[in-house]
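Commentary on secondary and tertiary structure
Listed below are the residues making up each chain.
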Amino acid sequence: MPNIDNLGNVLIRSDLNVPIKNGEITDYYRILKSVEIVKKISNKSRTITFVSHLGRPDGKDLKLSLRPVAVKMSEILDKEVHFIEETYGEKVERQIETSESKIFLLENLRYEKGEIDNDKNFSKQITKPFDSYIFDAFGAAHREHASVVSFGENLKSFQGPLMDKEIKELDKLLKNNESGYSVLLGGAKISDKLNLIEKLLPKVENLMVGGGMCFTLLKALGYEIGKSLLEESFISKAEELLNSDNGQKIILPTDFGVTDSIDSSDRVNIKFSDFKNNHIGIDIGPQTVLDFEKILNKSKNIFWNGPMGIFEKEEFSYGTRKITEAISNLSGYTCVGGGDSVSAINKFSDKKYFNHISTGGGASLEYLEGKKLPGVNKYKSLII
Ligand code: AMP
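For clarity, every value in this text was computed on a predicted model and none was experimentally measured. (Residues numbered from 1 in each chain as written. Predicted model: local features only at pLDDT ≥ 70, side-chain atom pairs only at ≥ 80, totals over all residues. Heavy atoms only, no water.)

Across the seven residues of strand E4 (residues 45-51), six count as buried, placing the element largely inside the fold. Bridging between strand E1 (residues 8-13) and E4 involves six bridges; their strand directions are parallel. Note on E4: the bridge partner recorded for Val-10 is Ile-48. Alignment of E4 against strand E6 (residues 103-106), held across three bridges, turns out to be parallel. Bridged to Phe-50 within E6 is Leu-105. (Buried < 20%, exposed > 50% of the residue type's maximum accessible area, 1.4 Å probe, protein only. Helix = DSSP H or I, 4+ residues; strand = E, 2+ residues; numbered from the N terminus. Pairing = 2+ DSSP bridges.)

With that out of the way, let us pick up the sheet that holds E4. Spatially, six strands are ordered E5-E6-E4-E1-E7-E8 in an open sheet, and the strand pairing comes out parallel. On the outer flanks of this sheet lie strand E5 (81-84) and strand E8 (156-159), each paired with one strand and no other. Mean inter-strand twist for the sheet, computed between neighbouring axes without regard to direction, equals 25°. In the sheet, E5 pairs with E6 via four bridges, with the strands oriented parallel. Bridge pairing links Ile-84 to Leu-106 in E6. (Axes fitted to C-alpha atoms, helices over the stretch in contact; angles between N-to-C directions.)

All right, on to the nonpolar core then. In terms of nonpolar packing, the biggest core is built from 66 residues, with Phe-138, Ile-197, Leu-207 and Ile-250 touching the most fellow members. Two domains each provide a minimum of three residues to this core, namely domain 1 (8-159) and domain 2 (167-368). Counting 27 residues, the second largest nonpolar core, distinct from the first, contains Leu-54, Ala-70, Met-73 and Ile-103. (Core = buried A, V, L, I, M, F, W, Y, C linked by side-chain atoms within 4.5 Å. Domains from an automatic or database assignment.)

Bringing the site of the ligand into the picture now. As a structural note, the neighbourhood of the ligand is formed by 15 residues, with Ala-188, Gly-281, Gly-309, Glu-312 and Asp-340 the closest of them. Lys-193 places a polar side-chain atom, nitrogen or oxygen, 3.5 Å from an oxygen atom of the ligand. At a separation of 2.5 Å, an oxygen atom of the ligand approaches a polar side-chain atom of Glu-312. Considered on its own, the ligand offers 510 Å² of accessible surface; in the complex 78% of this is hidden by protein. Its residues placed into classes, the shell around the ligand shows six nonpolar, five polar and four charged. (Near = heavy atom within 4 Å. Polar contact = N/O pair within 3.5 Å; in protein donor to acceptor, adjacent residues only side chain to side chain. Areas by Shrake-Rupley, 256 points an atom, 1.4 Å probe, with all protein chains shown as cover. Nonpolar A, V, L, I, M, F, W, Y, C, P; charged D, E, K, R; others polar.)

Turning our eyes to something else, we now look at helix H11 (residues 235-243). Of the positions making up H11, those classed as buried are Ile-235, Ala-238, Leu-241 and Leu-242. Down the axis of H11, the buried set is contained in an arc of 125°. They therefore lie on one face. In H11, the exposed positions that point more than 90 degrees away from the buried face belong to Ser-236 and Asn-243. In this fold, the buried residues of H11 make contact with helix H9 (194-200), helix H10 (214-220) and strand E11 (250-251). (Arc of directions from axis to C-beta. Contact = heavy atoms within 4.5 Å.)

Let us look at the pattern of salt bridges. Per the stated rule, a full pass over the model turns up 20 salt bridges. Notably, a salt bridge pairs Lys-175 with Asp-171, separated by 3.6 Å at the nearest N-O pair. Residue Lys-175 is classed as exposed on the basis of its relative accessible area, which comes to 56%. Here Lys-237 ties to Glu-198 by a salt bridge, and the two come within 3.1 Å at their closest N and O atoms. With Lys-237 in helix H11 and Glu-198 in helix H9, the pair connects residues that are 39 residues apart, well separated along the chain. (Salt bridge = Lys/Arg side-chain N within 4 Å of Asp/Glu carboxyl O.)

The next subject is unusual backbone geometry. Not every positive phi belongs to a glycine, and Asn-22 is a case in point at roughly 50°. Residue placement: Asn-22 occurs in the loop between strand E2 (20-21) and strand E3 (24-25). With a relative accessible area of 82%, Asn-22 lands in the exposed category. For Asn-118, which is not glycine, the phi dihedral falls at a positive 50°.

As a further point, take the environment of Asn-329. Mapped onto the fold, Asn-329 is located in the loop between helix H13 (318-328) and strand E16 (333-337). In this structure the C-alpha to C-alpha distance between Asn-329 and Phe-354, which are 25 residues apart in sequence, comes to 8.8 Å.

We now examine the domain arrangement of the chain. The domain architecture assigned to the chain consists of domain 1 (8-159) and domain 2 (167-368). Here the C-alpha centroids of domain 1 and domain 2 sit 34 Å apart. Across the boundary between the two partners, domain 1 contributes nine residues, which contact 15 residues of domain 2. In total, about 920 Å² of surface goes out of reach between domain 1 and domain 2, with carbon and sulfur atoms giving 63% of it. It is Tyr-29, Phe-138 and His-142 that lose the most area in domain 1 upon contact with domain 2, and together they represent 64% of the buried surface on that side. (Buried area = accessible area lost by both parts, 1.4 Å probe.)

As structure tokens, this is what we get:
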């Protein structure tokens, strides 16, 4: 086992990529989870420095600075988290060496091209002031970026506790051999999730699809979908899946909330057979909510990713709200895969009613596809 009694100056790659609107952090769940490690390693380390990405900046976009995150971290920990405006170089080294603070946060990793390009020289520069490295950013574990695959080469390196927890929880579904495994997918794009659907179909009993993505499937079955979201180039793949051996496990909505214009607040509920060519499907309807609820109630293991409609808008949020409430009340094991589903939970329920909420959206989907992710189990666990 690697020695964890003396970590020296520690660098921790966390996933502090949180939504920020007008300088305000609108959901700080990832920060809350990430800073739990401080208490665990505080007496084993000289300094603790966090590093993360935030959004997808094109160069040094100050709107995507991690400074507000450092403020939030200080608030949660009730200790100063000293923000350093760089990611590497003399200034960083000097501050870590001389500051009275023990905890630091570096600036957005993605301000540096070297992160995305997995530049080894960049990795050497950034890891220079440190003795050990903890990779704890599940949300980035599916990327071949420098912090995921190269930082650890230069230091004594470990896998962090959040990574361990994600793997343990998602493995319950990945290695699931029990009957009663149901998956509910929503969100805008089917293109992001076709691979997942293909990989999950043989393993699950039911795969319910709502949100914008169900319309490409309905179109593939030959139904009128009006002006609803459609990804034309994926119709044939959708058709292939629907006609496959397990295609009958795909369960589609039978009624919808529709509108004539996304910008209006008008909504009517219609049966799927009553779609007109000017209709835009913006939510699942009440009958579909009941049908999905019935399946969810019978399920032992449930994975949910993606909203059932344009839930950001009150008038279009009915289906997502009802489904969020229904999953909150289930007795089976419930796992939620990040992103917009977590926003829906914050809006309509409470995270405490779910067994596991993944901190990684895309990464959790790729993991459940059965892919080997570059950042998963790369290092030995830091068992603390
Ligand atoms: P994704 O990032 O693919 O999970 O998509 C999340 C987004 O899907 C949310 O912002 C929703 O507003 C959007 N969405 C859900 N249902 C629909 C729909 N029927 N039409 C258009 N967008 C939708």
